[in-house]
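# A look at the structure
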Amino acid sequence: MSEQTILSEVKRFIYEAVQQAVSTRRIALRDSEISENGMPAGFGPAQINIEPPRDKAFGDFACNIAMKLTKAYGVAPVELARIIAEFIKAPMFSKIEVKAPGFINFYLSADSIYQTAYNILKLNENFGRVNIGNGIKVNVEFGSVNPTGPISVSHGRQVVLGDIFSSMLEFTNHAAAREYYCNDAGNQIRNLGKSVLVRYRQALGAKIDFPEDGYHGDYVMELAKELIAIHGEKYREETPSDEEVITLFGDYSQIKMLKEIVGVCEKMGVKYDMIYSERSLYTDGIVEKTQEFLKANGLTYEKDGATWFLATKFDDEKDRVLVKSDGKSTYALSDIAYHKTKYDRGFRQLITFLGADHHGYIKRLHAAVGALGVPAETLTILIHQFVTMLKDGQVVRMSKRAANYVELNELIDDVGVDAVRYFFIMRKMDAHLDFDVNLAKSQSTDNPVFYLQYCHARCHGVLNEAKGRGFETSVEQVAALPMDIVKLLNSPEEVAILKRAADFPKIMEECVRNFSPHLLCHYAEDFVKLFQSFYTKGKIDKNFRIVTDDKNLSNARLFLIHVVLITIRNVLKVLKISTPERM
RNA sequence: GGGCCCGUAGCUCAUUUGGAUAGAGCAACUGACUUCUAAUCAGUUGGCGGGAGGUUCGAAUCCUCUCGGGCCCGCCA
């Protein structure tokens, strides 16, 4: 039985206990309360809050229901808790007790703990796969970097967040599609083309000024050199058809940059299912159709020669221009069209990751979804804060090539993919991230990536050692051990490891439901610490060694090793971080 | 002028969405290996949760104000 089912079962037991307390007239609602079969209206098992207490001395689960209901029933919390607890008949607990100020504390029986551990071995690579999504198609858009320059570390954080969150969705039974929306249609591509053209001409000896609002990074010069290699001096002189040259250069550069960006993502282990081109929205007629759709639904109007979208009708701060007075359409229109395609392609849940500088988009994107007649809650926009690089305690300067930020590619080369992935996700996305380069490179337990991987490798090391001494060490063999043997895992340290391992599915659920992938990192570090601590205890006290002359105890501990191994391996797989068997 | 995010130990961060005595890791100090990898572990020190009010059985968490830091507010994308 997984932790999930225990929790929901306990909630039901508590609910039934309240029911019985009412039906046996031990408690009665006050007259001022709206009653539903003697219980407050809307009260059900789902309203019951049960969670592990901070202090282990208060048991494995705690319930605050008595304090919540104290007013409705006019009974003091502790007294009410006693009455409810009397009626709780839950077989998986060895003890249920009431403590001030009104908590009901539950203590798991030893049998249920070992039973859960057996289940972990049985589930093996499926351990932690809770069904949340029922297979629903989810579109996850992230890292939609404009292809006008190299990808920065802050965008890298977004790419990793999106990728790992997608991975978590997949692990919890969602069909996640990773998507990159490529803004290849607008002014910024023209600006890039123009920047490259000026560099091209400068490189060929022309004395012209570089535009103030152009792209200043060294990569623009690299692109210009490539274009010289391709076209020679053909476009050296300014001509009336310069606009065509700008388009030519812009397209070349944009395709090149996109390829580079996607390449860096792949280097990080991120593979997009779809790169959606903004330009294709125009060439496929989707923008036009969307505009007609909006007009037909009375959501547009004309003013000052421009076409406006009635965004305020959907809670946006102001109406937005869709078609400018010069006849060109804006990104606001293509954004609505783009979201239309997501629904048209069968997605019923959309998640979009954006950097902190785009928080102003939240309202307008929700307005866009509203205009399409789709429930606003189907689109979740997740904003993440930026990254500051620290090296030797100092803020790392901007990249010369990128001109205004540190390049992701340089970071990957410096600290490695595993560290980049882990560090980008280990803090909650709401908070600014300080990326300590020295720590990420460190081969010591101060480095959390190393710490987790080392635990994995150590488990394999122990299994190899045991095998060499003639033990049967496969998961199947260990899972077949009788309960009497497994019950030898009875030290507080061993029981704590088994209990904490059992938390994994619940953590996965919290990560997904709260859009908080970082919780998995905190869990993993906490869990691994329990194991490392136990392991080291065996170095000091021979009674705590895993492989000893005591055959039964050794077998029990190999069982424990597999519980740890499965848990840490599954965590690392969700994070898509490598799982070395030897370090 | 309006809006979003953050503020917790010297540093980097948790605190299970309002619960019980606010916890880890660095750093500092004290200890533990003829090893199932010491690439590790145990212990000690360290807090007016930026500040002030409010909401209730109960607040780091919710509300108001305020101070500090980051980021936005275009017929640019």
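Under an unreviewed UniProt entry, chain A has the name Arginine--tRNA ligase and belongs to Candidatus Wallbacteria bacterium GWC2_49_35. Here chain A is described in UniProt, under the heading Subunit (unreviewed entry), as follows: "Monomer."

### Regarding the overall build of chain A
Secondary structure assignment for chain A yields 22 helices and 17 strands. Structurally, chain A occupies a C-alpha span of about 90 × 70 × 40 Å along its principal axes. Of all intrachain contacts in chain A linking residues separated by at least 6 positions in sequence, the fraction that spans at least 24 positions is 73%. Within chain A, the 75 negative side-chain charges are centred at a point lying 3 Å from the centre of the 72 positive side-chain charges.

### Description of the UniProt feature "domain: DALR anticodon binding" (unreviewed entry) in chain A
UniProt feature "domain: DALR anticodon binding" (unreviewed entry): in the numbering of this structure it lies at residues 452-583. End C-alpha to end C-alpha, residues 452-583 measures 12 Å, and it is 72% helix and 0% strand.

### Focus: the protein's contact with RNA strand B
Taken together, 70 residues are adjacent to RNA strand B, and H359, Y361, T445, K539 and R545 come closest. Among the atoms of RNA strand B lying within 4 Å of the protein, the sugar-phosphate backbone contributes 59%. Within the side chain of T536, an N or O atom sits 2.7 Å from a sugar or linking oxygen of RNA strand B. Mapped onto the surface near RNA strand B, the elements with two or more residues apiece are α2 (65-73), β6 (103-108), α6 (187-203), β11 (306-309), α12 (361-371), α16 (448-468) and α21 (518-540).

### Notes on the domain arrangement of chain A
One frequent convention defines the size of an interface as the accessible area lost when the parts assemble. What the domain assignment reports for chain A is domain 1 (3-108), domain 2 (114-127 + 445-575) and domain 3 (187-267). Taking the mean C-alpha position of each, domain 1 and domain 2 sit 33 Å from one another. Listed per partner, the contact involves five residues of domain 1 and six residues of domain 2. Counting the surface lost from both domain 1 and domain 2, the interface buries some 540 Å², and carbon and sulfur atoms represent 46% of this. Summed over the shared surface of domain 1 and domain 2, the result is one salt bridge. The partner of K499 in a salt bridge is D60, and the shortest N-O contact between them spans 2.6 Å.

### With respect to the packing of aromatic side chains
This model, assessed by the stated rule, comprises 23 aromatic pairs. By way of ring pairs, the aromatic residues F127, F171, F504, Y523 and F527 are connected into one cluster. Seen from the ring of F347, K137 lies directly overhead, with NZ or CZ sitting 4.6 Å from the centre. Here the guanidinium or amino end of K303 rests over the ring plane of W308, the centre of that ring lying 4.7 Å away.

### Re the sheet that holds strand β14 (residues 379-384)
Pairing within the open sheet is parallel, and its five strands lie in the order β9-β8-β7-β13-β14. Edge positions in the sheet fall to β9 (274-277) and β14, since each has one partner strand and no second. Neighbour to neighbour, the strand axes of the sheet diverge by 25° on average, direction disregarded. Of the strand pairs in this sheet, strand β13 (residues 349-355) and β14 are connected by six bridges, and their pairing is parallel. Its bridge partner being in β14, I351 is matched across the sheet by T380. In this fold helix α5 (residues 153-171) packs onto β7 (137-141), β8 (175-182), β13 and β14, with an angle of close to 160° to the strand it touches most, β13. Contacts from α12 reach β13 and β14, with the element oriented near 165° to β14.

### Structural notes on the UniProt feature "domain: Arginyl tRNA synthetase N-terminal" (unreviewed entry) in chain A
Look at the UniProt record and you will see "domain: Arginyl tRNA synthetase N-terminal" (unreviewed entry) annotated at residues 16-108. Secondary structure across residues 16-108 comprises 30% helix and 24% strand; the distance between its end C-alpha atoms is 19 Å.

### Quick look at the pattern of salt bridges
Applying the stated criterion across every chain, the model contains 36 salt bridges. Linking R190 and E243 is a salt bridge whose minimum nitrogen-to-oxygen distance equals 2.7 Å. Pair noted here: R190 is in helix α6 and E243 is in helix α8 (residues 242-267), with a separation of 53 residues, a long-range link. Of the charged contacts, one joins D503 and R500 as a salt bridge, the two residues approaching to 2.7 Å between their closest N and O atoms. R500 shares its class with D503; the two are buried. Put simply, D163, E170, R178, R421 and K576 are held in one network by salt bridges that share partners.

### Things to note about unusual backbone geometry
Residues A100 and P101 are joined by a peptide bond in cis, for which omega reads 0°. Summarising the element assignment, P101 is placed in the loop between β5 (93-99) and β6. If you check the backbone angles, N173 has positive phi at about 65° while not being a glycine. By the element assignment, N173 lies in the loop between α5 and β8.

### Some points on α6
In a regular helix each residue adds 1.5 Å, so 17 residues correspond to 24 Å; α6 covers 24 Å between its end C-alpha atoms and thus fits that length. With twelve of 17 residues buried, α6 lies mostly within the body of the structure. Q188, I189, N191, L192, G193, S195, V196, L197, V198, R199, Y200 and R201 are the residues of α6 that are buried. Turning to α6, the residues buried within the fold contact α7 (218-231), α8 and α9 (278-283). Positive backbone phi, approximately 100°, marks G205, located one or two places after α6.

### Some details on α2
Side chains of residues three or four places apart in an α-helix project in the same direction, reflecting 3.6 residues per turn. When we look at burial in α2, the residues that qualify are I65, A66, L69, A72 and Y73. Angular distribution of buried residues about the axis of α2 spans 110°; they occupy a single face of the element. Turned more than 90 degrees off the buried face of α2, the exposed positions are K68 and K71. One or two residues past the end of α2 sits G74, with phi positive at roughly 65°.

Rules used throughout
Residues numbered from 1 in each chain as written. Chains lettered and ligands numbered in written order. Predicted model: local features only at pLDDT ≥ 70, side-chain atom pairs only at ≥ 80, totals over all residues. Heavy atoms only, no water. UniProt positions renumbered as here; feature names shortened; annotations may be inferred. Helix = DSSP H or I, 4+ residues; strand = E, 2+ residues; numbered from the N terminus. Contact = heavy atoms within 4.5 Å. Lys, Arg positive; Asp, Glu negative; His and termini not counted. Charge placed at Lys NZ, Arg CZ, Asp CG, Glu CD. Near = heavy atom within 4 Å. Polar contact = N/O pair within 3.5 Å; in protein donor to acceptor, adjacent residues only side chain to side chain. Domains from an automatic or database assignment. Buried area = accessible area lost by both parts, 1.4 Å probe. Salt bridge = Lys/Arg side-chain N within 4 Å of Asp/Glu carboxyl O. Phe/Tyr/Trp six-rings, centres within 6.5 Å; stacked < 30°, edge-to-face > 60°. Lys NZ or Arg CZ within 6 Å of the ring centre and 35° of its normal. Pairing = 2+ DSSP bridges. Axes fitted to C-alpha atoms, helices over the stretch in contact; angles between N-to-C directions. Buried < 20%, exposed > 50% of the residue type's maximum accessible area, 1.4 Å probe, protein only. Expected span 1.5 Å × (residues − 1). Arc of directions from axis to C-beta.

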